[in-house]
Amino acid sequence: MFSRILGTGSYLPQRLVTNAELAQQVDTSDEWVRSRTGIAQRHIAADDECTSDLALEASRRALEAAGIEAKDLGLIIVATTTPDMIFPSTACILQAKLGARSGAAFDVQAVCSGFVYALATADAMLRGGACHYALVVGAEIYSRILDWNDRGTCVLFGDGAGAVVLAAGDQPGILAQHLHADGAHREILCVPGTVANGAVSGHPFVTMEGGAVFRFAVRVLDEVSREVLASAGVGVDQVDWFIPHQANARIIEATGRKLGLGPERCIVTVDRHANTSAASVPLALDLAVRDGRIQSQHHVLLAAVGGGFTWGAVLLKWV
Ligand code: ACO
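Residues numbered from 1 in each chain as written. Predicted model: local features only at pLDDT ≥ 70, side-chain atom pairs only at ≥ 80, totals over all residues. Heavy atoms only, no water.

Caption draft 1: Expanded view of the overall build of the chain. Along the backbone of the chain there are ten helices and 15 strands. The globule rule puts the C-alpha radius of gyration for 319 residues at 20 Å, and the 18 Å found for the chain is close to it. Each of the three principal axes of the chain carries a C-alpha extent, and together these read 55 × 45 × 35 Å. Split into buried and exposed, the 319 residues of the chain put 55% on the buried side. Charge separation in the chain, taken as the distance between the mean sites of 25 positive and 33 negative side-chain charges, equals 3 Å. (Helix = DSSP H or I, 4+ residues; strand = E, 2+ residues; numbered from the N terminus. Rg over C-alpha atoms; globule rule 2.2 N^0.38 Å. Buried < 20%, exposed > 50% of the residue type's maximum accessible area, 1.4 Å probe, protein only. Lys, Arg positive; Asp, Glu negative; His and termini not counted. Charge placed at Lys NZ, Arg CZ, Asp CG, Glu CD.)

Set out below in structure tokens:
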């Protein structure tokens, strides 16, 4: 038994914020942000939008592309660091908004690796016979956990959602997946606050040691990509498309160089929506599917790294 992706969808909130607009609020410039990160703009959710709303739009598009209805889903996993509320899970809220009432629904919290973690989890459950159809979503409203006076972090992130519908079957699909975590590195990227006794306790905004994150990300994206290729018996030369977490164009370039994957085989969307954490890989995947770059029988390598630290990769053959 295998799982394969039947359809993809994505959604970006309407409001677009350029680097130039940000430069009116904090001491930065379009040149600084573009040259260090490749980011040109980000989308920011409206005040009355929540993560499940973004997830809903992306999910509807993925379900339409897959040609199935929400009531057919036996599993919904939402990867998010910015849930609608403490509980219930954003996946349960999404299930209700989709009008589905059966099957399992839960969230995965692996920060920027969240979608890859959720996809690997759904793959394992489908292969184990848990159900026939699964919806896997990465959705984030990072704008609400950013200190908009901190130029070191606020320029890097944006809001968005991406989704895929998976089906169980006797043909792959997903060929291999590997997940890792090492909590010893939890302090170089975190939001070290929580809600306790009716108030925010600790610091409720993203804090980051940029240089350390950069070096760690390039090392583990390279390692886990090689690991997943080796376990599937697929060579780097056979990879048609590399879709890494869209944090920073320089991280993507450096990882591609280490792996021997040139820019012509890397899908890059960070310029248009910045780092959308768990939404970044499915946003890039959806774009490359819809613009026709990803074709039947192509090998597609997804890899992500995020706070925790967490990292993982999924290799799939596009059906
Ligand atoms: N605009 C202008 N100057 C800035 C800005 C800004 N937005 N942010 C920081 N600076 C300043 C700093 O204050 C510092 O100034 P100083 O030297 O006077 O102290 C200087 O720029 C630092 O410059 P560089 O060392 O050249 O910066 P660097 O090339 O390391 O780039 C960056 C910083 C972009 C954060 C880089 O380290 C990076 O990309 N790290 C990875 C971070 C990342 O992608 N995080 C996303 C989350 S992680 C994930 O998703 C896995």
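Still more to cover.
Caption draft 2: Structural view of the site of the ligand. The full set close to the ligand counts 23 residues, and Thr 28, Arg 151, Gly 210, His 245 and Asn 248 are the nearest of them. Here Arg 151 contributes a backbone N or O atom positioned 2.9 Å from a nitrogen atom of the ligand. Gly 210 is positioned with one of its backbone polar atoms (N or O) 2.9 Å from a nitrogen atom of the ligand. With the chains in place, 69% of the 1000 Å² that the ligand exposes on its own is no longer accessible. Breaking the shell around the ligand down by element, the ones donating at least two residues are helix 2 (30-37), helix 6 (151-154), helix 7 (210-232) and helix 8 (249-259). The dominant element in the shell around the ligand, judged by the number of residues it contributes, is helix 7, at four residues. The residue makeup of the shell around the ligand, split by class, is eleven nonpolar, eight polar and four charged. (Near = heavy atom within 4 Å. Polar contact = N/O pair within 3.5 Å; in protein donor to acceptor, adjacent residues only side chain to side chain. Areas by Shrake-Rupley, 256 points an atom, 1.4 Å probe, with all protein chains shown as cover. Nonpolar A, V, L, I, M, F, W, Y, C, P; charged D, E, K, R; others polar.)

Caption draft 3: Region of interest: the packing of aromatic side chains. For the structure on display, the rule yields three aromatic pairs. Taken together, a centroid distance of 4.9 Å and an interplanar angle of 25° make the contact between Tyr 142 and Phe 157 stacked. Pair noted here: Tyr 142 is in the loop between strand 6 (133-141) and helix 6 and Phe 157 is in the loop between helix 6 and strand 7 (159-169), with a separation of 15 residues, a long-range link. Taking the relative accessible area as the measure of exposure, Phe 157 reaches 4% and is therefore buried. Taken together, a centroid distance of 5.4 Å and an interplanar angle of 80° make the contact between Phe 216 and Trp 311 edge-to-face. With Phe 216 in helix 7 and Trp 311 in strand 15 (residues 310-317), this pair connects stretches of sequence that are 95 residues apart. Residue classification places Trp 311 among the buried positions, given a relative accessible area of 10%. The structure contains a cluster of three or more aromatic residues connected by ring pairs, namely Phe 216, Phe 309 and Trp 311. Sitting over the face of the ring of Phe 216, Arg 219 holds its NZ or CZ atom 5.2 Å from the ring centroid. Note that Arg 293 overlies the ring of Trp 241, its terminal NZ or CZ placed 6.0 Å from the centroid. (Phe/Tyr/Trp six-rings, centres within 6.5 Å; stacked < 30°, edge-to-face > 60°. Lys NZ or Arg CZ within 6 Å of the ring centre and 35° of its normal.)

Caption draft 4: Quick peek at helix 10 (residues 280-290). Counted residue by residue, helix 10 has eight buried out of eleven residues, so it is predominantly covered. All buried positions along helix 10 are accounted for by Ser 280, Val 281, Pro 282, Leu 283, Ala 284, Leu 285, Asp 286 and Ala 288. Following helix 10 by one or two positions, Gly 292 has its phi on the positive side, about 85°.

Caption draft 5: The side chain of His 43, seen in detail. Structurally, the position occupied by His 43 is in strand 3 (residues 41-44). Those residues in contact with His 43 that lie beyond four places of it in its chain are Leu 12, Pro 13, Gln 14, Arg 15, Leu 16, Gly 158, Asp 159, Arg 272 and His 273. (Contact = heavy atoms within 4.5 Å.)

Caption draft 6: View of the layout of surface pockets. In this model, the largest pocket occupies a volume close to 860 Å³. What lines the largest pocket is a set of 34 residues, among which Thr 81, Thr 82, Pro 83, Gln 109 and Ile 145 lie closest to the centre. Secondary structure elements with two or more residues in the lining of the largest pocket: strand 9 (189-190) and strand 10 (193-196). Of the residues assigned to the lining of the largest pocket, the class counts are 19 nonpolar, eleven polar and four charged. Summarising the domain contributions, the lining of the largest pocket has at least three residues from each of domain 1 (2-171) and domain 2 (175-317). Reported here for the second largest pocket is a volume of approximately 410 Å³. What lines the second largest pocket is a set of 24 residues, and nearest its centre among them are Leu 156, Met 208, Gly 210, Phe 214 and Asn 248. For the lining of the second largest pocket, the secondary structure elements donating two or more residues are helix 2, helix 6, helix 7, helix 8 and strand 14 (299-306). Here the lining of the second largest pocket takes five residues from helix 7, the largest share from any one element. Among the residues forming the lining of the second largest pocket, the class breakdown is 13 nonpolar, nine polar and two charged. Each of two domains, domain 1 (2-171) and domain 2 (175-317), supplies a minimum of three residues to the lining of the second largest pocket. (1 Å grid on protein atoms, 1.4 Å probe; cavity = no way out; pocket = protein on both sides within 12 Å on 5 of 7 lines; lining within 4 Å. Points joined across faces, edges and corners; volume = space filled by probe spheres on them. Domains from an automatic or database assignment.)

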